[in-house]
Every structure is written in C-alpha cells, then in structure tokens.
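So the chains spell out like this:
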Amino acid sequence: MRPGPLPTFALRRPLGSLILGLSALYASACRDVNVSEPKRAPGAALAAKSGIPDSLPLRIDEHLRAGPNAPRVACGAGISVPGQLVAEGVIAPHMGRTRSVVTVLTCQVTNDAPHFWAVDTVVGATGDSLFGDWMVTISNMQNGKATLDLEIVLSSGSGWFGNATGAATGKGVLDLASGAGSYTAKGTIGPRPVGPPATGTQVIPETISEGYYFACGIAVTGEAYCWGMNTMGQLGDGSNQARAVPTPVAGQYHFTQIAAGLFHACGLTPDGAALCWGLNTRGQLGTGDDGNRTLPSLVSGMHTFTHITAGDYHTCGTTALGTFCWGENFAGELGDGSTTNSNTPTRVHGGLTFTAVSAGGQHTCGLTTLGAAYCWGYNANGQLGDGTASARNTPTQVVGAHNFVSISAGSNHTCALRYDSVLAQFTYCWGANSKGQLGDGTSVDRAQPTLVVDAPAFVQISAGSSHTCAVSNSLGAYCWGENAIGQLGDGTTIQRLRPTAVSGGSTFRRISANNQQTCAIAASGVAYCWGTNSNGVLGYGGSDSWRSTPTPVATDVPGGLRFARLTGASAHACGLTSTGLAYCWGANSVGQVGDGSTIERHAPTAIAGYFNDLSAGGMHTCAVRGDGTPVCWGSNEFGQLGDGTTTDHALPAPITSTVSFYLISAGGRHTCAIAYGGAVYCWGSNESGQLGDGGTTNHYGPTLVASPYGFDAIAAGDSHTCGRTYEGAVYCWGDYGGVNASMTPVLVPVAAGEVVVALEAGDRTTCALTFSNNVYCWGANAHGQLGDGTTSNVFPPKRLIVETDFSWGVSLARVGVGANHVCVVANNTFGELAYCSGWNYYGQLGDNSTVEQHNPVAVYGDRAFQSITGGGDYTCALSSGVAYCWGRNQNGQLGTGDTIDRKVPAAVTRLLFKM
C-alpha cells in the first residue's frame, strides 16, 4: 500500500542536476597510482587499490551573475531578482573550473517571508565527473542584499568516480539589483558503500504512491501529478473529475515526497511543510476541520516534517521533535494512547525516535535509529507483529531481535527489510496472508515476522492490500499475493505465494502496491502501472479494464512541454518551444545534447538560455540566442562549432565572429548561417566544397560563401548545402545531387515557374516545398527515399507524389529528410497525415513495418501532424505541439525515456518521475 522508505543522503528535495568536473582531482589525489592499471568495474569501492583515501575534501567557490536577457522574478513586498543566475568558479582541491551553472528561479512566500527556489540547473563538466542534486534558497532579503543557502548531495559518478558519493553545503550573498554575488560550499567525497549498512534505518522519500484507484507521483522537476479516481478531490486539481492520464496538482508547489491514502493524498515541500487534499471526514488532512479539499491545504501546527506517510484514513509525519499522526483513530492507529480521531497532528506516545514511519490500513509502523520495529493500531490479522491479535494504541515492539532498515505497512499486513551484513539480506512479512501476500509459500496469517522465501536481495518493498511488491538490488521488480486482475505484473492472473518477477525485463527504482494495482518508476524515470484500470488508474489514457504487464503512464500530460519546432540529427534530436526554450535528447558522447555532460539522454533535457533558432547536425548542435548570439556545442573535430578551435564543447559556445546571424543550419560536419542582409557564412569540414568558398580547405570560423545572391533560407546536409534566394530560387554547393558537386553555389532547376518557400537537406538528399504546394526532391535515392518508385539517383529535381487526394499546406516544416528516407505532411480529407518513403530497417517510416518503401506510405494511425523532421534513421513530428518520434532509438533519440526502437509514432517523454 505504502512504499517502504529507502536510503538517502538528504530528506529535502534536490532541485536540478549538478555535474562536477573532477578529472584534475583524480590527477591530484591519485598521482601515485600506476596509470597502466585498468579501470575498475562499476560498483567497485573507490578506495580499492586506487590510492584515493576514504574521503576527500570538496570545496566549491563560485561567482554569480544574472543570466543573459533573464526577466526579473517578483516575490512579495516589491522584491525581485533576475530569473536566471549564472555561476562560474573553482572546485578544489585542483579540480578545475565549472563551465557554467544556470539556475531558473521561482518565488514562494512562506510565513509572509519571500524565498526564491532553484528549480533547474545546467552545469558544465569535463573528464571524470560526479553527479548530484542541489537546492538553493535565496532569503533574508534586506538592504538590497540577500542570503544564499546551498545544499548539494552527490549521488553517482563516471570514470574513476563511478562509485563516489558525498555532500556539501554552503552560504553566499546576492545583490538583488544586479544579480551578482558569490558562495562557498564545503563537504567531502568518499566511496559509496558496496551494500547497505549492517544497522541503521535508511530513508528515501516516496516519489510515487497509490491510493484506492488513484495514484500520484513527483516529476523530476518537483511538481506532483495524480491520476485515476477523483470523487473526493484526491487528485488535487481543484475538481472531482476522474483523470486517465497524469494531471498536475494545483498550486505550482514543488514536493520532495508524496503519499496516497485511501481517498486522500499528502505532499511534503522542500522546507518541510505538509499539504494534503481529498477526503477529510476523519480529519486525515490535518487542517483542523473535517471538510474535504480538492486543492492542497496546509497541515496545521507549523511542523517541519522530514517524512510523511498516508494510511487509509490517517496520516503520519516525522519531525525532529518526534512523530505526529492525525485522522481516524478507531483502533489506535494514531498511537497517542487513545481511540479518538484528531483533525490536527497529535504526538505518538512513548518517547521513541522514529526515522521511518509507514501508515497502513488501520495500523502504523515505525523504525528507530537502531532498526527496531514498533507498530500500533488494528491487529486482528497480526499485522502489528507482536505475536497477538490485540489492538494497540501506543507503539508496541515487533517480536524478534531484528535490525530492520526499511518497513512498509499494507492494508492488513506489514513487510520489512533486514541486512545482517552487506552480503546477507532478508525480507520479512507478517499479518494477513489469505492471498499469499506474506510470500512465505503459504496462505496462513502470521502474528510475527516470517521470512519471505525465494526472495532476492531487495532494496525497497511496498505492502499493498492483498499483494506485495519489491525492487531487488539488481533493480528487478518482484510481486506476490493476489493476482486476480494482473496486479503482480507477471502477465498472468495466477495467485503467487512467493516472489515472482514482473514481466518485461525493465529495471525499476521505486515501486508502490495498493488495492488491485501497482505502479513503479523505471530506471529511465518513466512510470509504469499494471493491474486494474478502474477510473483510469493505470494512467496511460486507455479504456482497458486491466493490464497484467507494466504499461507506461502517459507522458502527454495537460500543461506539459509543447514544441514549436523540431530538428533531427544522426542520433540526437532537439526541440524549440514558442517561448524560446530549447531541449535536446539522444546521443551525447561529445556533448551534442548541450547540458554540460556526455551522458546519453533518453528524454528532453533543457539547454540553458533562450533561443530564436535551433538546428541539430551530425554530432553537433547550433542555435541563435535570443540576443542574436550564435552558439554551437558538441563535436568540433572539423571546426564545425565555429569558435576557432577543434575542441569539443558540452555547453553552448559562442561562434568566433563579429557578424550577426538570424538563421543557422547544422550539417553532418559543417555549419552554415545567414547574416542580416542575406550573406551566407559556413564553417567546418569542406572536403566536398560544402562551405561554398571555392576551395576544399576546412575552416574553423565563419567563412563567406562565394555568391552574389542574398539568401533567406539555408539547409546543410552531410556534405552539401543549399540556400533559397529572396526570389525563391535554389542554389546548392558541395556534393548536392548524388552525382553533382561544386565548390561554389550552382542554380538547381527545381521546376519551371515554381517558387521555393522551404528547404530540407538530408545526408545527400534535398527536398524543396514550393509556393504552389508541391514537393520536389533530388540527390541520392539508393533506398527509394525520393518516392519515385526507383532506386536511381535523381537530378534534376523530381516532384514527390503521394498516391492520395490531397493539397499541400505551405509550411516551413512540412518536409523531413533523414539519412535514407523522406517524409512529408499532406492535407487531405482525413487531416494532416504523414507519409514516408525509403529505408525502413528501424521502422523510420512509421508504417508499423520494417519493409523498405520506394513510394510514400502513410504513417500508422490517424494522428494529425503539422510539421515533420528526419533524423539519421528516425523521424519526429509535431501534433498540436506534442512531439512524436519513431524509428531507431539506440541512443534514446526518440525521447521516449528508453532505447527501444519504434515502428509507429511514440510520444516524446516529457513527464519523467523523480526516483
């Protein structure tokens, strides 16, 4: 029912991702290590034969300044700060320089005092890296100055730091007028333990939780989403309408934890405030009354909670001053020594300090710092584990000298994890067992802890109504107990008396079991649910009554990310919103995603800044910032980033030029841009004359194309470039026709009397959209990508024919050219449908097959698209601003949160859940 807590280093929600370049630290701390020694496998302890001590000092000194063109954010009493802060500084000892940190700020007024919270970050890095989460608060604003508090939790790493962990905290100052300031953070770095510690409870906040036919989860950005039944307002969206897909909880709150009860839910904010919504007839919302709420409402008492958990009709939270519970107290589940309901938090009796608490149906359990388990409340099935069936209204110790590290209370049973050493782990359950939910191979109730049989080593466990699920240390999901409607996720409806692997082979980080359904967060951040779909509780938007295997929760959520245009490259893609925000995803080995790392991204990742134009090339990306500054990032082997060097960049780097550009196009290994006035400049690889300067010499900075014509559209392919003049004529240079090459612009005879309005270039294929709504293509055609029924190269251009009645809709992005395929969007009686032709080995034509097509075929489904773009072996298109992709996905270039190829359109994942 409620997921058991897990290990963490901080209880407050980390906001954003911090990437620390530590290659120089390795050189400093490990200079005596034999450099020929092979790198250790992931998971090995850092200290093993590395020369790295058990802990290393970490110090970060950074200077702040306002982000470029960042609007100011107002927050109470007329106080405002720039909406973005950029930090640059030094990580010591001798750890290099952070490239940049962009912090997007939002305001929150707490206790009548304004605070600014960081909600997104991008930090540059090179070499071996540490990754973590950080939270910054700007407060104490007076006399034009403010205090900046920083908390960093390092969670994982790469290279030599693949098993490192640590934390740092710091303080700084900020000038409210200019956005300038500085801060210093100090901490330590050390090896991550190979396994959980032998003793001591571990707490990781719940980030996904299920109630009765509804579920809630926390997105990576901190907002809470709920879906399913909503008769009591338990989705928190201000209505009572059921939702079949995730719907944002109202109020724009950011949460660190989420907990769903039977008909209510609660969330915990970064500053420890608890808000609840939904049914309140027993006072389970803690608001001091018994009125239902459809919107988040503050729990009374001004408590600062570190953890929160919800039972059927009661709620509990832990603070530094003790544990408090509120709501129904029929069987003493509040633990205050009475059986009287309370609509405000009441302290649990006994003077025990609980680091982890889990609320079940009508009972509650907690773990002390030493791992001793105590339970209280209803006990008819032995769910308190004290060897009796007697209810308890104060904490009663569970039988046995167990040192548990995690506990989860279900409807009428309880489960807990125990580690005797880093190599020996055991799972125990007790209470009701009529459906086999205890996993001991029987259906006999147990009044004291009973060992779960055939169980792998689990790191998280969740007790539901009549079934239990857990995540193993290898991130596999297992379930056991009732399975009448597929809630075990093994593809059957067979009851299981011992742990059974969830089907599909996905790896999971979090799992939550309740009633007749289960939800889990995959290692990719995508949420999956299975079991009953009553009231749309599986969250995928379909109407099936149940699913017996994991089904992805819908990512096309209300208020989600909407793109104005898309651009595809060989193995990564990018999108630009109508407000100028850029996101990229896919292959990132040389920093082409632009988030400051070289980590492959399987979902849209924000790029710092605001942009007017954006183009993804072979292994690099280029854009024009809102202030007109051209920037590029990614591979720079041939100078295609235009900064005068051949050094790769994982963050946007300014092009070395005094010329102002307004349109830019990234090709295979070169880039071209149009300056104000129509002149075209190109830079990068020039082996085929694609820079258009009359030679074949590479150039590391913008070089003027030798042309007397002014251009207003540009398209860079793999080894060629084409441009559109003001009059609508097309000129190309480089290897532009499959059999044609020129080192200077040459007129391409598109068609007599046709005026070109848009261009799109692929590897060696180009297509043009004309004012009379025709599409003409030319160039390489080995796979029939030009749709003329042949595999012969085409020149001069030939009109592309789609065998259906339609009229073209003139648009800048109605044509998409990939490596060996071409797609178009056509207006016909069925709407704006997409058609593709060419190579289809990875399903890039989207027709639900992998058969090569030499004539255009319709993309599967009846979804209307307004624009389309071709990538290397994949395609992406926009439908009402929602991005869909299909084809090859080896590097996550489809943005679906995984690396599974798709033969039909799949929504780009915009809602990833926090793990």
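See the structure printed just above.
Residues numbered from 1 in each chain as written. Predicted model: local features only at pLDDT ≥ 70, side-chain atom pairs only at ≥ 80, totals over all residues. Heavy atoms only, no water.

**Things to note about the packing of aromatic side chains**
Under the counting rule described, the total for this entry stands at 28 aromatic pairs. With 6.0 Å between their ring centres and 65 degrees between their planes, F711 and W733 make a pair best called edge-to-face. On the criterion of sequence distance, the pair formed by F711 in strand β53 (residues 711-716) and W733 in strand β55 (residues 730-735) is long-range, its members being 22 residues apart. You'll find F711 and W733 in the same group, each marked buried. Ring centres of Y736 and F795 lie 5.8 Å apart, and the angle between their planes is 70 degrees; on these two criteria the pair is classed as edge-to-face. Taken together, the residues Y736 in the loop between β55 and β56 (741-748) and F795 in strand β60 (residues 794-799) connect sequence positions 59 residues apart. Ring pairing ties together the aromatic residues Y709, F711, Y731 and W733, which thus form one cluster. (Phe/Tyr/Trp six-rings, centres within 6.5 Å; stacked < 30°, edge-to-face > 60°. Helix = DSSP H or I, 4+ residues; strand = E, 2+ residues; numbered from the N terminus. Buried < 20%, exposed > 50% of the residue type's maximum accessible area, 1.4 Å probe, protein only.)

**Let's talk about the sheet that holds strand β17 (residues 257-260)**
Sheet architecture is open: 4 strands sit in the order β17-β18-β19-β20, paired in antiparallel fashion. Both edges of this open sheet fall to β17 and β20 (293-298), since each of them pairs with a single strand only. This sheet shows a mean twist of 15 degrees between the axes of neighbouring strands, independent of strand direction. As defined by bridge partners, strand β19 (residues 274-278) adjoins β20 across 3 bridges and the pair is classed as antiparallel. From the neighbouring strand, C276 faces β20, where its bridge partner is S297. (Pairing = 2+ DSSP bridges. Axes fitted to C-alpha atoms, helices over the stretch in contact; angles between N-to-C directions.)

**A few points about the nonpolar core**
The nonpolar side chains of a soluble globular protein tend to be buried with one another. Counting residues in hydrophobic clusters, the biggest one holds 23 residues, and the most contacted among them are F116, I138, L148 and L174. Every element with two or more residues in this core is listed here: β3 (56-66), β6 (84-92), β9 (129-142), β10 (145-157), β11 (164-175) and β12 (181-191). Ignoring anything within four residues of it in the chain, the contact list for L148 reads L64, V136, T137, I138, G170, K171, G172, V173 and Y183. Grouped together as the second largest cluster of nonpolar side chains are 16 residues, V757, L769, V817 and V824 included. (Core = buried A, V, L, I, M, F, W, Y, C linked by side-chain atoms within 4.5 Å. Contact = heavy atoms within 4.5 Å.)

**Looking at unusual backbone geometry**
Between F795 and the following residue, P796, the backbone shows a cis peptide bond with an omega angle of 5 degrees. Take P796: it is sitting in strand β60.

**Quick notes on the pairing of β55**
Within β55, 6 of the 6 residues are buried, which leaves it mostly tucked inside the rest of the structure. Direction of pairing for strand β54 (residues 720-725) relative to β55: antiparallel, over a ladder of 5 bridges. Across the sheet, residue T721 finds its bridge partner in β55, namely W733. The turn joining β54 and β55, which pair antiparallel and follow one another in sequence, is formed by 4 residues; a positive phi near 95 degrees is taken by G728. Note that β55 and β56 share 5 bridges and pair antiparallel. Opposite V730, over in β56, you have V748 as the bridge partner.

**Observations regarding the pattern of salt bridges**
Following the criterion strictly, the structure yields 17 salt bridges and no others. For D237, the salt bridge goes to R243, with nearest N and O atoms at 2.8 Å. The class for D237 is buried, based on a relative accessible area of 16%. One salt bridge connects D613 with R565, and the closest N-O pair in it is separated by 2.6 Å. Of this pair, D613 sits in strand β45 (residues 611-616) while R565 sits in strand β41 (residues 565-568); the two residues are 48 residues apart in sequence, bridging distant segments of the chain. (Salt bridge = Lys/Arg side-chain N within 4 Å of Asp/Glu carboxyl O.)

**Digging into the state of the cysteines**
Summed over all chains, the structure comprises 14 disulfides. At a sulfur-sulfur separation of 2.0 Å, the disulfide partner of C266 is C276. Across the S-S bond linking C266 and C276, the dihedral sits near 105 degrees, which makes this disulfide right-handed. One end of the pair, C266, is in strand β18 (residues 264-268); the other, C276, is in strand β19, with 10 residues separating them in the sequence. For C316, the disulfide goes to C325, at an S-S distance of 2.0 Å. On the sign convention where negative is left-handed, the bridge of C316 and C325, at about 110 degrees about the S-S bond, is right-handed. The class of C316 is buried, set by a relative accessible area of 0%. Looking at C325, the relative accessible area reads 0%, which means it is buried. (Disulfide = S-S within 2.5 Å.)

**Quick look at the environment of F508**
Counting through the fold element by element, F508 comes out in strand β37 (residues 508-514). Residue F508 is classed as buried on the basis of its relative accessible area, which comes to 1%. For F508 and A527, which are 19 residues apart along the polypeptide, the C-alpha to C-alpha distance reads 9.1 Å. Residues contacting F508, with those up to four places away along its chain left out, are V471, L475, A477, A520, I521, A522, A523, Y528 and W530.

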